[in-house]
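Residue strings, one per chain:
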Amino acid sequence: MDKLDKKIINRLQKGFPISDSPYAEVAEQLGCDEATLIQRLQSLLQEKQLTRFGPMYHAERMGGAFSLVAMKIAAEDFERVSEQVNGFAEVAHNYQREHEFNMWFVLATESKQRIDEVNAEIEQLTGYAVYNMPKLEEFYIGLELQVS
Amino acid sequence: MNVAKLPQGMLQSAELDGRDKALVAAIQTGLPLCPHPYAEIGRRIGMEEAEVIQRLQRLLDDEFIKRMGVVVRHHELGYRANAMVVWDVPDSQVAELGRCLGQFDFITLCYQRPRRLPQWRYNLFCMIHGRDRDEVIGCVDLVIEQCALQDIAHEVLFSRRRFKQRGARY
C-alpha cells in the first residue's frame, strides 16, 4: 500500500459525493486522475484491504433490531457452545474475549421480538444464560481509522 | 447500529417506498467502479440518474444511510489489537462521559447499555482499536486522564478470536 492508497482510504472513510461524476471530484481533491482512483479502489477491494465500498446503513432506521449479547461459558464447553451459537443465522459476529464473560456476539434480526426469541432459543440449546445488552444511547459512530 | 449489510427481511421501514427499496437493494453490494456510478445503478433498476441522486441524498439526509464510503479491514491495515472497554458510570454522568470518550479518533464505537446486576455492573461501552495491546492500554490511560475517569471502575476486554463475520444474506 503506497501513499496514494492511504490518502484514498482516509478520504473515503469520510464519505463519497452523490453527484454525476463523484470519482472525478474525489480524484481532484486527492491530486490524482479519475481512472487512477477507480483502479486503486479496485485493487484495494480485490486485495481485501477494504471490505467494501458503498453505503453504511443505519440499521434501526431501516427497520431492523440489534443487540449485543454476552455469555459466560466454562472452558470445557466453549467450543461446543460457540458452534451452537454461530449456527444461528441471526448471529452477525461473535468474539471470544478475555474475561469471565468470554463470549460476545451481535444479534441482527428483523424485529425486537425476534431478538428475545433467539436469545431464548440459545439459552435452551446451550444450557447457558444469555445477558442481553441492547444499545440505549449512542455517543459516537465514526468507525474511522487513520491509515499512516 | 451501523451496518454495511442488511440482514434478510430487515428492509421494512414504512418511510421507504418501493423505489427507495429497489435502490437500497441495488447499492448494498457496493457502488459500481465506473465514472458515473449513479447512472449505472439507475440503468440496472430502470431509474434516471437524477432520480437515483435525489433519492440517495434523501436517504442520507434522513439518516437511513449514515454515509457512503469505504469500510476498512482493521486487521489488514495493521490494527491487530481490539478491546472492548467498559465503564461503570453513574447514570447521571453517562451522557457527558460518553461524549468525552466519543471525541477520540481511536474510539470507534461508544454506547450506553443496560447493567445486568449483580453479574455485570458496566453501562458504558467503547471499542478501541490499536496496532498492539500496549497501544490500546496507552489509549485507555489517555482517556482516563483526559475525561477524568480515575474514580470510575473499568475493565479492558481484549478479543482473542473472531468466530464469525457474516456475509451477505438477502
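Because the structure is a prediction, the values reported are computed rather than measured.

Colleague: So what exactly am I meant to see when it comes to the domain arrangement of chain A here?
Modeller: When the parts of a complex come together, some accessible area is lost, and that lost area is often taken as the interface size. According to the domain assignment, chain A consists of domain 1 (3-46) and domain 2 (65-133). Taking only C-alpha atoms into account, the centre of domain 1 of chain A sits 38 Å from that of domain 2 of chain A.

Colleague: What exactly am I supposed to notice about unusual backbone geometry here?
Modeller: Comment: phi is negative for the bulk of residues other than glycine, and the bulk of peptide bonds are trans. Here the bond from Leu117(B) into Pro118(B) is cis, since omega is 5°, no more than 30 degrees from zero. The phi torsion at Lys48(A) lies on the positive side, around 65°, for a residue other than glycine. Among the secondary structure elements, Lys48(A) is positioned in the loop between helix H3 (34-46) and strand S1 (50-58). Despite not being glycine, Glu63(B) shows a phi value in the positive range, around 65°.

Colleague: Explanation requested: the pairing of strand S5 (residues 124-130) of chain B in the structure shown.
Modeller: Every other side chain in a regular strand lies on the same face of the sheet, so the side chains alternate between the two faces. Residues and elements named next belong to chain B. Of all 7 residues in S5, 7 are buried, a share of seventy percent or more. With burial as the criterion, each face of S5 is covered, one bearing Leu-124, Cys-126, Ile-128 and Gly-130 and the other bearing Phe-125, Met-127 and His-129. In the sheet, strand S3 (residues 81-88) pairs with S5 via 7 bridges, with the strands oriented antiparallel. Paired with Ala-83 across the bridge in S5 is Ile-128.

Colleague: Would you take a moment to explain the packing of aromatic side chains for this structure?
Modeller: Ring pairs (aromatic) are described by centroid distance and by the angle formed between their planes. In total, this model carries 11 aromatic pairs over all chains according to the counting rule given. With a centroid separation of 6.1 Å and an interplanar angle of 50°, the aromatic rings of Tyr23(A) and Phe53(A) are classed as tilted. Of the two residues, Tyr23(A) is situated in helix H2 (residues 22-30) and Phe53(A) in strand S1; the sequence distance between them amounts to 30 residues. Its relative accessible area of 0% is what places Tyr23(A) among the buried residues. Here Phe53(A) falls in the buried class, since its relative accessible area comes to 2%. Following the ring pairs from residue to residue traces out a cluster consisting of Phe101(A), Trp104(A), Tyr131(A), Trp120(B), Tyr122(B) and Phe125(B). Over the ring of Tyr79(B) we find Arg131(B), and its NZ or CZ is 4.8 Å from the ring centre. Above the face of the Phe158(B) ring, Arg133(B) is positioned so that its terminal group lies 4.3 Å from the ring centre.

Colleague: What am I meant to see in the nonpolar core here?
Modeller: One finds Phe16(A), Leu37(A), Leu41(A), Leu31(B), Tyr38(B) and Leu56(B) to be the most contacted residues of the largest nonpolar core, which totals 38 residues. Contributions of two or more residues to this core are made by helix H1 (3-12), H2, H3 and S1 of chain A together with helix H1 (18-27), helix H2 (37-45), helix H3 (49-61) and strand S2 (65-72) of chain B. Filtering out sequence-adjacent residues up to four positions away, Leu56(B) remains in contact with Ile18(A), Leu23(B), Ile27(B), Tyr38(B), Ile65(B) and Met68(B). Within the second largest apolar cluster, 26 residues are counted, among which are Phe139(A), Ile128(B), Ile144(B) and Phe158(B).

Colleague: Would you mind showing me how to read H1(B) here?
Modeller: Think of an α-helix as 3.6 residues a turn; residues three or four steps apart then line up on the same face. Along H1(B), the residues that are buried comprise Asp20(B), Leu23(B), Val24(B), Ala26(B) and Ile27(B). What you see down the axis of H1(B) is that its buried residues fit within an arc of 165°, all on one side. In this fold, the buried residues of H1(B) make contact with S1 of chain A together with H2, H3 and S2 of chain B. Here H1(B) starts with a cap whose side-chain oxygen sits 3.0 Å from the backbone nitrogen of Arg19(B), and that cap is Asp17(B).

Colleague: Before we go on, may I ask you to explain the state of the cysteines in this structure?
Modeller: In a disulfide, the sulfur atoms of two cysteines are covalently bonded to one another. Taken as a whole, this structure holds 1 disulfide over all chains when the rule is applied. Between the sulfur of Cys100(B) and that of Cys147(B) lies a disulfide, 2.2 Å long from S to S. Across the S-S bond of Cys100(B) and Cys147(B) the torsion is about -90°, and the bridge reads as left-handed. With Cys100(B) in helix H4 (residues 94-102) and Cys147(B) in the loop between helix H5 (133-146) and strand S6 (153-165), this residue pair connects regions lying 47 residues apart in the sequence. Classification of Cys100(B) by relative accessible area gives buried; the value is 18%. In this structure Cys34(B) is a free cysteine whose sulfur lies 16 Å from that of Cys32(A), the closest cysteine sulfur available. The thiol of Cys110(B) is unpaired, and the distance to the nearest cysteine sulfur, on Cys126(B), comes to 5.4 Å. Residue class for Cys110(B) comes out buried when judged on its relative accessible area of 0%.

Colleague: Can you walk me through H1(A) in this structure?
Modeller: Counting buried residues along H1(A), 7 of its 10 residues qualify, which places the element largely inside the surrounding structure. Restricting attention to buried positions, one finds in H1(A) the residues Leu4(A), Asp5(A), Ile8(A), Ile9(A), Asn10(A), Arg11(A) and Leu12(A). Buried residues belonging to H1(A) abut H2, H3 and S1 of chain A together with S2 of chain B. Measuring from the backbone nitrogen of Leu4(A) back to the side-chain oxygen at the start of H1(A) gives 3.1 Å, which picks out Asp2(A) as the cap.

Reading the values: rules and limits
- Residues numbered from 1 in each chain as written.
- Chains lettered and ligands numbered in written order.
- Predicted model: local features only at pLDDT ≥ 70, side-chain atom pairs only at ≥ 80, totals over all residues.
- Heavy atoms only, no water.
- Domains from an automatic or database assignment.
- Helix = DSSP H or I, 4+ residues; strand = E, 2+ residues; numbered from the N terminus.
- Buried < 20%, exposed > 50% of the residue type's maximum accessible area, 1.4 Å probe, protein only.
- Pairing = 2+ DSSP bridges.
- Phe/Tyr/Trp six-rings, centres within 6.5 Å; stacked < 30°, edge-to-face > 60°.
- Lys NZ or Arg CZ within 6 Å of the ring centre and 35° of its normal.
- Core = buried A, V, L, I, M, F, W, Y, C linked by side-chain atoms within 4.5 Å.
- Contact = heavy atoms within 4.5 Å.
- Arc of directions from axis to C-beta.
- Polar contact = N/O pair within 3.5 Å; in protein donor to acceptor, adjacent residues only side chain to side chain.
- Disulfide = S-S within 2.5 Å.

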